[in-house]
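Single-letter residue listing:
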Amino acid sequence: MENFTDYNDNKKVTYHEQTDILNILKLRAVLKTLPDFCKDYFRAMDPLTTTKTRISYAYDIRIFFQFLLDENPAFKDCSMKDFTVDVLDQLKAVDIEEYQEYLKVYKNGDKTETNGERGLKRKISALRSFYAYYYKHEFIKTNPTVLIDVPKTHEKSIIRLDADEVAMLLDYIEHCGDELTGQKRVYYEKTKERDLAIVTLLLGTGIRVSECVGLDIEDVDFKNNGIKVTRKGGNEMVVYFGSEVERALKKYIEVRENIVPVAGHEHALFYSTQRKRIGIQAVENLVKKYSRAITTTKKITPHKLRSTYGTSLYQETGDIYLVADVLGHRDVNTTKKHYAAMDDARRRKAATAVHLRED
């Protein structure tokens, strides 16, 4: 990731601020390829959405216009920049249904892209939002997107590590070097304390991988055993950790003190082997690498470690509001959907908890 400096007051630009800057630059680049009228929509979105949402929507809207060029004979001689807002009024509900079908499998240059239920829903939601803006502001007279059904998504069962698997994973990271030789052993020894600290932190706090890689050394408070994380939407929150996380972090920080970081990365808590702030992909790869040795039937990602923490916290406390707060869910219904429904054992207790008559 590039590094930026605020030249007005020479203050540190945080990881999340850097991410926003990069997303804004990406959005500007995508807007140059889209029809000119699209700028109004994205300008209106700015105060209401994150930069990540806007760039995702921009990519999705571009796919829609590419679909019109590739699949609709009426536009075969057009280029994307030729489109004016009037094109939205020329489309019917059947065109949107054809787009929905197209999204399941389509060509993007030499690459074949596919979308499952969630991908389809997001792209249709983006198009609905796009149409709604121009309809609301009376640029167009029709809105065919409201005439089609939004694709349904089926809830998947939560994949998480069981308690014994958590212990096995941490033990494996600590000791798997005994099985390695040569360069693999050297690399393991170099990254062992960092990897153990990251996995322990994810399992012990339930923070998101983006929150983890965004941590600065100044965000760790051992006096109160807390870390300051920046949640979705930019809100800051202190998340507290236990003694196991404390030990893992302190051991890693001892190693970190001997690393000379690349300029601009001095504040990062976790470093890559290139001495820069570690990235999301690198954390995903290390979690995948270690977890494959523990289970072959579960595809474990950093988000699954978050689910493992949320499940354990709910089973220990039974407090869904606490789980929602700690995980940073804005809506407790999101938490209920993921965690409350799975606790069958707790529900079974209801059968004997209430006595209608004394024996």
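What you see is a predicted model, and the numbers here were worked out from it, not measured in a lab.

Could you give an account of a positive patch on the surface, with specific residues and numbers?
Residues R118, K121, K156, K288, R292 and K299 make up a contiguous surface patch of positive charge. Of all the elements in the fold, those that place two or more residues in the positive patch are α5 (117–136) and α10 (280–292). Tracing the chain through its elements places K288 in helix α10. Overall, the relative accessible area of 43% leaves K288 in the partly exposed class.

Run through the pairing of strand β5 (residues 236–240), naming residues and quoting values.
Residues of β5 alternate between two faces, with M237 and V239 buried on one and E236, V238 and Y240 left unburied on the opposite face. Two elements, strand β4 (residues 226–230) and β5, share 5 bridges in a ladder whose sense is antiparallel. Bridging across to β5, T230 finds its partner in E236. From the end of β4 to the start of β5, which pair antiparallel, there are 5 residues, and G233 there has a positive phi angle of about 90°.

Explain the sheet that holds strand β3 (residues 220–221) to me, and be specific about the residues and the numbers.
The antiparallel open sheet is built from 3 strands, whose spatial order is β3-β4-β5. Looking along the sheet, the strands with just one partner apiece sit at the ends: β3 and β5. Pairing analysis gives 2 bridges linking β3 to β4, with the strands arranged antiparallel. The residue bridging D221 from the neighbouring strand is G226, located in β4.

Account for the pairing of strand β1 (residues 105–108), naming residues and giving values.
Relative to strand β2 (residues 111–114), β1 runs antiparallel, the two being bridged by 4 bridges. Along β2, the bridge assignment pairs Y106 with E113. The loop that links β1 with its antiparallel partner β2 comprises 2 residues; one of these, G109, has a positive phi angle of about 70°.

Rules and cut-offs
Residues numbered from 1 in each chain as written. Predicted model: local features only at pLDDT ≥ 70, side-chain atom pairs only at ≥ 80, totals over all residues. Heavy atoms only, no water. Patch = residues over 30% accessible without salt bridge, like charges linked within 9 Å, V, L, I, M, F, W, Y side chains within 5 Å. Areas by Shrake-Rupley, 256 points an atom, 1.4 Å probe, with all protein chains shown as cover. Salt bridge = Lys/Arg side-chain N within 4 Å of Asp/Glu carboxyl O. Lys, Arg positive; Asp, Glu negative; His and termini not counted. Charge placed at Lys NZ, Arg CZ, Asp CG, Glu CD. Helix = DSSP H or I, 4+ residues; strand = E, 2+ residues; numbered from the N terminus. Buried < 20%, exposed > 50% of the residue type's maximum accessible area, 1.4 Å probe, protein only. Pairing = 2+ DSSP bridges.

Interpretation note: all reported values are geometric properties and have no functional meaning in isolation.
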